[in-house]
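Structural features, examined
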Amino acid sequence: MSTLTRVTLPDFGREARQPQIPNELYRRRMAAAEARMERAGLDVLVVYGDREHFANVMYLTGFDPRFEEALLLIGGGRKLLLVGNECMGYLPDEALGIKAELFQEFSLPGQPRGNSRALRAILSDFGIARGTRVGCAGWKYFEPPLIEGGSSAIEIPAYLVDLLRDLTRGEGSVSNAGDIFMDVADGLRIINEPEQIAQYEYAASVTSTGVLELMRHVKPGAVECDLEKHLDSRGLPLTCHRMLSFGAKAKRGLASAGDNTASLGDPYTTAFGVVGALTCRAGWVANKLEDLPAGDRDFCMAYAKNYFGVVAAWYASLRVGVTGGRVFAAVDAARDKTLYDFAVNPGHYLHLEEWTHSPFAAGSGVALRSGMMLQMDIIPISRGPFCYINAEDGVALADADLRRKIAAEFPAAWKRIERRRAFMREVIGIDLDECVLPMSNMPAWLPPFVMDLDRAMVM
């Protein structure tokens, strides 16, 4: 049973500079993608990206499109990156050996279009012709029953798919290959290397530090847009807009900060995501339970206590080898079904984007593996009066070998991880398996009353 008690949140610190991904790792990723192409019987892999759907391209090259679209072609030992006008000055490291070509139709409307070859000519010269087996990877692959067509259902722009199908002239020769990167069990981006985990640990320290600083300034009369400045990304690209809401507006949990003003007793919610991390907290603009409306107090306290028990069950269930279905069953068993429902899956994979996929579903047989980044994303939807509570953060799973590598290559990050683990186990009371590595500087720390940050939920 969870309870509210006095808790001192340590300052876990953070790296002064973001760890970088070395070129050799990008080369290994490209080789792994080519091996998956061969396994899938593909001649060419077409990886599409834009400002929001950048993760597969960035994973392979370190390049994320800015303002524009981009297309990475892989096949026959060649790599060609098509970009628009503005991204020609923002390309991957030349040492990676990825050729770049200007394709101006990827530029914004009204910009020059006179210095590019036609897309048909570019694709033909790359070797896409009758009988070529082409896989397309964007940001999603489809499973029945809502979308028909199986692997022929492709989410990248129709003008690209239409042209590819016209060039190959073979029914079924152009398919959705997003599972190469995002398959729920063994997609390439589901398993992370030590360098990537270290980068995400830095990102999580940025988001959690920002949310904590914002929480310290919440009080009656505070205006949402005045508080948003505390969500400092330190230059890391956002994976979602910064969110902050007070009062009835908190029902629209995804809303951006506006001119709304906090009042005593209001529910609040805030979330902050950058590449590799997202932190969310929600609760009440209050010092104590008595600051809430009298008729809601019993429900809200029961709601908060049970929610934290579910969060603790999620963390305690994680370990290498356990299935996502087992974790789902544990958290669903801990939930008081008279109080709230789950808005979405209780947790998901985290990568360059905020949500990559999720193994956490009823009956899921997907086994959790070392190297996975997992987000505790349990969003409760009240069955009683409107109230809100949330404590979203990320962890990595690491077996003994991966833990040794992280400790050896990133000793400062490893010390922070060990201190967070000790805090969660010894102070918060959650019995973590040794493979669970907390990334956030607020690990499982949930003060339901934001004006009293010295009291938090514990088990």
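It should be emphasised that the depicted structure is a prediction, and the values quoted were computed from it without experimental measurement. (Residues numbered from 1 in each chain as written. Predicted model: local features only at pLDDT ≥ 70, side-chain atom pairs only at ≥ 80, totals over all residues. Heavy atoms only, no water.)

Right, let's get into the environment of Arg281. Relative to the helices and strands, Arg281 is located in strand E10 (residues 277-284). When the C-alpha atoms of Arg281 and Tyr388 are compared, they prove to be 9.4 Å apart, with 107 residues separating the residues in sequence. One polar contact links the side chain of Arg281 to the main-chain carbonyl oxygen of Met442, over a distance of 2.7 Å. At 2.9 Å, the side chain of Arg281 and the backbone oxygen of Trp445 are in polar contact. (Helix = DSSP H or I, 4+ residues; strand = E, 2+ residues; numbered from the N terminus. Polar contact = N/O pair within 3.5 Å; in protein donor to acceptor, adjacent residues only side chain to side chain.)

Residue Pro144 is joined to Pro145 through a cis peptide bond whose omega torsion reads 10 degrees. Positive phi outside glycine occurs at Arg234, with the angle close to 50 degrees. With respect to the helices, strands and loops of the structure, Arg234 is situated in the loop between helix H7 (224-227) and strand E8 (243-246). According to the relative accessible area criterion, Arg234 is partly exposed, its value standing at 38%. (Buried < 20%, exposed > 50% of the residue type's maximum accessible area, 1.4 Å probe, protein only.)

In this section: the layout of surface pockets. Estimates place the volume of the largest pocket at around 1300 Å³. Around the largest pocket sit 48 residues that line it, and Glu52, Glu353, Glu354, Trp355 and Thr356 are the ones nearest its centre. Secondary-structure elements contributing two or more residues to the lining of the largest pocket are helix H2 (55-61), strand E9 (267-274), E10, strand E14 (380-382) and strand E15 (390-397). A breakdown of the residues in the lining of the largest pocket according to their chemical character gives 25 nonpolar, 13 polar and ten charged. A volume near 270 Å³ is recorded for the second largest pocket. Surrounding the second largest pocket, 16 residues form its lining, Gln18, Gln20, Tyr26, Met58 and Gln199 being those nearest its centre. (1 Å grid on protein atoms, 1.4 Å probe; cavity = no way out; pocket = protein on both sides within 12 Å on 5 of 7 lines; lining within 4 Å. Points joined across faces, edges and corners; volume = space filled by probe spheres on them. Nonpolar A, V, L, I, M, F, W, Y, C, P; charged D, E, K, R; others polar.)

Taken in spatial order, the six strands make up an open sheet running E5-E4-E3-E2-E6-E7, and their pairing is mixed. Of all the strands in the sheet, the pair left with one neighbour each is strand E5 (99-102) and strand E7 (174-176). Strand-to-strand twist in this sheet, taken as the mean axis angle between neighbours without regard to direction, amounts to 20 degrees. Alignment of strand E3 (residues 70-75) against strand E4 (residues 78-83), held across six bridges, turns out to be antiparallel. If you follow Ala70 over to E4, its bridge partner there is Val83. (Pairing = 2+ DSSP bridges. Axes fitted to C-alpha atoms, helices over the stretch in contact; angles between N-to-C directions.)

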